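Geometric and topological summary
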Amino acid sequence: MSIILNNISKSYNKVKTVDDISFDVKPGELFGLIGPDGAGKTTLFRILTTLLIQDKGNATVAGYDVLKQYKDIRNHVGYMPGRFSLYQDLTVEENLNFFATIFGTTIAENYDLIKDIYVQLEPFKDRRAGKLSGGMKQKLALCCALIHKPKVLFLDEPTTGVDPVSRKEFWEMLKRLQQKDITILVSTPYMDEAELCDRIALITNGKILQINTPRAIIASFPKKIFKVRSSNTYKLIEDLRIYPDIHSAYPFGEYLHFTPKSEAFRPMDLTRYLEERQHRDIEVKETVATIEDTFMDLSKVNE
Amino acid sequence: MNRFIGFIKKEFYHILRDRRSLFILFGMPIVQVMLFGFAITNEINNVDIAILDHSKDVNTKEIINKIATSKYFSIKGFISHEDEIEPTFRKGKIKAVLNFEKDFSKNLVTQKKATVQILTDATDPNTANTISNYIGSILQNYQQELNQGLNLPYQIIPKTRMVFNPELKSVYMFVPGVMTIILMLVSAMMTSISITKEKELGTMEILLVSPLNPFQVIVGKVVPYILLSIINAVVIILLSIFVFKMPVQGSLFLLGAESTLFIINALSLGILISTIAATQQAAMMTSLMGLMLPVILLSGFIFPISSMPLPLQMISNIIPAKWFIIIIKGIMLKGVGLAYVWKETVILIGMTIFFIGLSVKKYKIRLE
Amino acid sequence: MTKDNMIQVENLTKMFGDFTAVNNISFEVGKGEVFGFLGANGAGKTTAMKMLIGISEPSHGNATVAGYNVLTQAEQVKKNIGYMSQRFSLYNDLTIKENIVFFGGIYGLSSADIKEKSQAMINELGLHDMADSLVGSLPLGWKQKVAFSVALLHNPKIVFLDEPTGGVDPITRRQFWEMIYKQANRGVTIFVTTHYMDEAEYCDRVSIMVAGKIEALDTPKNLKHQFQVDSMNQVFLKLARNIE
């Protein structure tokens, strides 16, 4: 196993930010920690990268204990913190050079690893990092975290605040890195990114809701789910909320995702109900759950 | 070693690319020294003086005449009694009083020497010093004229006395103070800011999660500033020699060595601050309030320690700058060697070791 | 220009030296509309928004917000809009109540008015237990909900929301959008930026900025039809890729 966590807990001011978390990440796996801000993702990353000491439990990374062998871990992991931690006043090349030297290597030595990513940066290699766009900064930060050919790569919210285009490219890069035998632990608040991971852990309020492959997690959604729309979305939400046979209704893109309480629910009944309430262009269709549906359902149960 | 050099190279990029830190590093020392340099100009013009002539003979007349015709002085009154000297000064216009002894000419002829007292208002010590120098040289000239063709020369002895500020805090005293402040500022403040900057940017997290050990990070941060501070010290000494015309009496090597010691002391304080402060702003405030103010107020730079209340005197003992000022005053002004300042040096070394030890102990290898 | 247009933008341009951050954009937003203002990082969204809220001067062109010219009547503009950004919205070291009082005061509300409104807000958000706790101790989602309510304190005609839901958990994110709908239903115009493409679908109309220009502007439905894809995410990707 590349990463093992056993009953890790950590509190700040009596608030449990990480509450008894255990999971394993296999070598070469792309593992996603999916959860909103404040779920405890960053704390978990910091414990695994030896920056924080857990209150309880133990963990190993690449076979090294996070407490006793923290120096070994520091030699073998790459870490990209939440904010793109680059030296804004150094150029692209200088940043990369610097991180290469402090890890006792050179750009040339591991160039094949970062080549794919770096070619996109190369035209700007004399530009200062502070003057790069968000997407470019993200790519540079990734190069810097990779330059010493780490065994395990920790990426804490690498796509937060980055536009969808750059996000997509970034995930494509991660997929390619995975081919090169690097274990990747990545966190993200964007649920749609979860499906790109091999396995994911849904996390909220310091607790893990579920760990599995994205497909299995979706399949585990216990209820039927319907997408509903009408001409007036706001009124639709209000009317659905007072519909007797409702479990939940959430906006989902142009539709609302509606889950009924009873097994006996029939879409026609809902359509008729909405018609009575003067909705036009009504559409009620069964659909498949997404990770986000599952996440919301699980966190609702947990409350 | 490569890692280390890479680190230092990076540090220099930061320094050279940030206009603000460049200004603090190199602009400030020059501005400060020039400021003092101008405040301490050696030129004087038309200074008002008064005469108290107890003999009123040929020689005193001639001397008074010479002084009156020089462009430096204008004689604004004659007084007839010692009691009038202080009230004259108090009025504030008269900066110096020339007091010729009784029987000036007679003494010159019979005893071959005569005395004139130069009293200056030393509330402005700089001017007072310059005035007495100028009058001294006029007297010297006159004496040379008198002595032409004489076998046994006459001697006019000027006796200088400072009124109001008898200790005469000479401007030269300020050079060591200014140097201390600048070294403290550059070394402590700049290092603490540069370390906290990494914390703010989040790059410190990456440095921690790298094989660099904390000691390497600290030393890597500090080395560039040691070099820059030494350059600074050299600039200040050169400027004070050429702008202040201030002779350095003692060994330049010793001066350099003691300055380096003080720089390291200040740097270790800077590191200590950065282990406590989380942001650049906090580091700056702590450096200013915690280091600069005590250096300015309690080191003896401006206010003599001997005239402070006892508690403050005791506090001044824990301020490294106090000991450094004693050391460099000794070296620069009195020309003493290590034999005279070894005690202060030992204290400074002790403090430095203490601060380094404390900051290494406080330096966190993790985030909390 | 119809009377109902709350935002009217004509050939708005902002240059920084040689660089054109916002390049000749024109659009209008109607009363009560939820207008999604999308674009990649660095496409010029923030710059454009700053001009609309009257804190940055346009280099060329013209814009009116709530009927006031952003260049000549910036003060009037500011009185009639609410603004909330992801980076700064509330003071973390003040309690919820203190924040409300402070921001109410800034907009010149009477203390009776503030009292009444803060009570209403606390009731509506169900914050009774938290009204006296520091904003910094709230979960992000709650903070953003409070910030949105605070931005509405002075009954602005338009609210500008700059990535209001970044990092917020899915449930709270949706509650946030329900608040947005509610206000839009009351006739408040909403101008919102986001990186969540599902949220783009919630908007009445969406504009997509690429490299300083508005490259697409329509209802989500029409945009999807135009690009022959079935989600806004794909519209976005297609558009940004094509331009590059």
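Here is what the cut-offs are and how they apply
Residues numbered from 1 in each chain as written. Chains lettered and ligands numbered in written order. Predicted model: local features only at pLDDT ≥ 70, side-chain atom pairs only at ≥ 80, totals over all residues. Heavy atoms only, no water. Helix = DSSP H or I, 4+ residues; strand = E, 2+ residues; numbered from the N terminus. Rg over C-alpha atoms; globule rule 2.2 N^0.38 Å. Buried < 20%, exposed > 50% of the residue type's maximum accessible area, 1.4 Å probe, protein only. Contact = heavy atoms within 4.5 Å. Buried area = accessible area lost by both parts, 1.4 Å probe. Salt bridge = Lys/Arg side-chain N within 4 Å of Asp/Glu carboxyl O. Domains from an automatic or database assignment. Pairing = 2+ DSSP bridges. Axes fitted to C-alpha atoms, helices over the stretch in contact; angles between N-to-C directions. Polar contact = N/O pair within 3.5 Å; in protein donor to acceptor, adjacent residues only side chain to side chain. Nonpolar A, V, L, I, M, F, W, Y, C, P; charged D, E, K, R; others polar. Right-handed = clockwise from strand over helix to strand, strands pointing away. Phe/Tyr/Trp six-rings, centres within 6.5 Å; stacked < 30°, edge-to-face > 60°. Lys NZ or Arg CZ within 6 Å of the ring centre and 35° of its normal. pLDDT = per-residue confidence, 0-100. Patch = residues over 30% accessible without salt bridge, like charges linked within 9 Å, V, L, I, M, F, W, Y side chains within 5 Å. Areas by Shrake-Rupley, 256 points an atom, 1.4 Å probe, with all protein chains shown as cover. Parallel < 35°, antiparallel > 145°, perpendicular 65-115°, else oblique. Left-handed = near helix turned anticlockwise from the far one by under 90°.

Observations concerning the overall build of chain B
Looking only at helices and strands, chain B features 14 helices and 5 strands. The C-alpha radius of gyration computed for chain B amounts to 27 Å, which surpasses the reference 21 Å derived for 368 residues by more than 25%, pointing to a less compact arrangement than a globule. Counting only C-alpha atoms, chain B reaches 90 × 45 × 40 Å along its principal axes. Sorting the 368 residues of chain B into buried and exposed places 51% on the buried side. Summarising the internal contacts of chain B: among those between residues at least 6 apart in sequence, 79% fall at separations of at least 24.

Observations regarding the interface of chain A and chain C
Contact with chain A, which involves 28 residues of that partner, is made by 29 residues of chain C. Between chain A and chain C, roughly 2,600 Å² of surface is buried when both sides are summed, and carbon and sulfur atoms account for 61% of that area. On the chain A side of the interface with chain C, the three residues burying the most area are P164, V165 and Y234 of chain A, jointly 23% of the side's total. With a closest N to O distance of 2.6 Å, R173 of chain C and E292 of chain A form a salt bridge. Counting residues per element, the ones that place at least two in the side of chain A that touches chain C are α6 (164-178), α8 (233-241), β12 (246-252) and α10 (291-302) of chain A. Sorting elements by how many residues they give to the side of chain A that touches chain C places α6 of chain A first, with 5 residues.

So, the domain arrangement of chain B
Segmenting chain B into domains produces domain 1 (2-39 + 171-362) and domain 2 (47-163). Of note, the centres of domain 1 of chain B and domain 2 of chain B, computed from C-alpha atoms alone, are 45 Å apart.

Overview of the sheet that holds strand β4 (residues 56-61) of chain A
Residue and element names in this part refer to chain A. Strand order across the open sheet formed by 4 strands is β2-β1-β4-β5, with antiparallel pairing between neighbours. On the outer flanks of this sheet lie β2 (15-25) and β5 (64-65), each paired with one strand and no other. Two strands pair when backbone bridges link them, and strand β1 (residues 3-12) and β4 are joined in this way by 5 bridges, in the antiparallel orientation. When the bridges of β4 are listed, I4 appears paired with T60. Each of β1, β2 and β4 is contacted by helix α1 (residues 41-48), which is oriented at about 120° to β1, the strand it contacts most.

A word on the interface of chain B and chain A
Tallying the contact residues gives 27 residues for chain B and 32 residues for chain A. Of the roughly 2,800 Å² buried at the junction of chain B and chain A (both faces included), carbon and sulfur atoms supply 59%. Taken as a group, R17, V209 and R366 of chain B account for 26% of the area that chain B buries against chain A, more than any other trio of residues on that side. For the pair chain B and chain A, the interface holds 2 salt bridges. Taking the shortest distance from any N to any O, the salt bridge between R17 of chain B and E94 of chain A comes out at 2.7 Å. The interface formed by chain B and chain A holds 10 residue pairs in polar contact (both at pLDDT 80 or more) in total. Sorting the residues of the side of chain B that touches chain A by element identifies α1 (2-17), α7 (174-201) and α8 (203-208) of chain B as the ones contributing at least two each. Among the elements that take part in the side of chain B that touches chain A, α1 of chain B stands out by supplying 8 residues, more than any other. Counted by class, the side of chain B that touches chain A contains 11 nonpolar, 6 polar and 10 charged residues.

Digging into the pairing of strand β7 (residues 158-162) of chain C
Residues and elements named next belong to chain C. With 5 of its 5 residues buried, β7 lies for the most part within the structure. As paired elements, β7 and strand β8 (residues 189-193) share 5 bridges and run parallel to each other. Along β8, the bridge assignment pairs L161 with V192. Following the backbone out of β7, through helix α6 (residues 170-185) and into the adjacent parallel β8, one traces a crossover that is right-handed.

Considering the side chain of D19 of chain A
Residue and element names in this part refer to chain A. Tracing the backbone shows D19 in strand β2. Note on D19: relative accessible area 18%, which makes it buried. Every residue in contact with D19, bar those within four places of it in the chain, is listed here: I8, S9, G206 and K207.

Remarks on the packing of aromatic side chains
Aromatic ring pairs are defined here through the distance separating the ring centres and the angle between the ring planes. This structure, assessed with the given rule, holds 30 aromatic pairs over all chains. Among the aromatic residues, ring-to-ring pairing joins F226, Y243, F258, F265 and Y273 of chain A into one connected group. The ring of W323 of chain B is capped by K322 of chain B, whose NZ or CZ atom sits 4.7 Å from the centre of that ring.

As for the confidence of the model for chain B
All names here are of chain B. With 90% of its residues at a pLDDT of at least 70, chain B reaches an overall mean of 81. Least confident of the elements in chain B is helix α2 (residues 19-39), whose mean pLDDT is 75; most confident is helix α10 (residues 252-276), at 90. This model gives residues 165-169 a pLDDT under 50, and the stretch forms 9 contacts once residues within four places in sequence are excluded.

With respect to a nonpolar patch on the surface
Residues and elements named next belong to chain B. Together, M285, L288, M289, L293 and L297 give the surface a local cluster of nonpolar side chains, amounting to about 430 Å² of exposed area. Position of L288 among the secondary structure elements: in helix α11 (residues 280-298). Here L288 falls in the partly exposed class, since its relative accessible area comes to 33%.

Focus: the packing of helix α4 (residues 111-121) of chain A against α6 of chain A
All names here are of chain A. Relative orientation of the contacting elements α4 and α6 amounts to 160°, with a least axis distance of 9 Å. In terms of orientation, α4 and α6 fall into the roughly antiparallel class. Once α4 is placed against α6, the crossing between them reads as right-handed. Between α4 and α6, the residues in contact are L113, D116, I117 and Q120 and E169, M173, R176 and L177, respectively. A class-by-class count of the residues in the contact of α4 with α6 yields 4 nonpolar, 1 polar and 3 charged.

Focus: the sheet that holds strand β11 (residues 225-229) of chain A
Residue and element names in this part refer to chain A. Within the open sheet, the 4 strands sit side by side as β12-β13-β11-β14. Their pairing is antiparallel. Whereas interior strands pair on both sides, the edge strands pair on one side only; in this sheet they are β12 and β14 (283-287). Across this sheet, the average inter-strand angle for adjacent strands is 25°, counted without regard to direction. Inspection of the sheet shows β12 paired to strand β13 (residues 255-260) by 6 bridges, in the antiparallel sense. Residue I246 lies in a different strand from β13, and its bridge partner there is P260.

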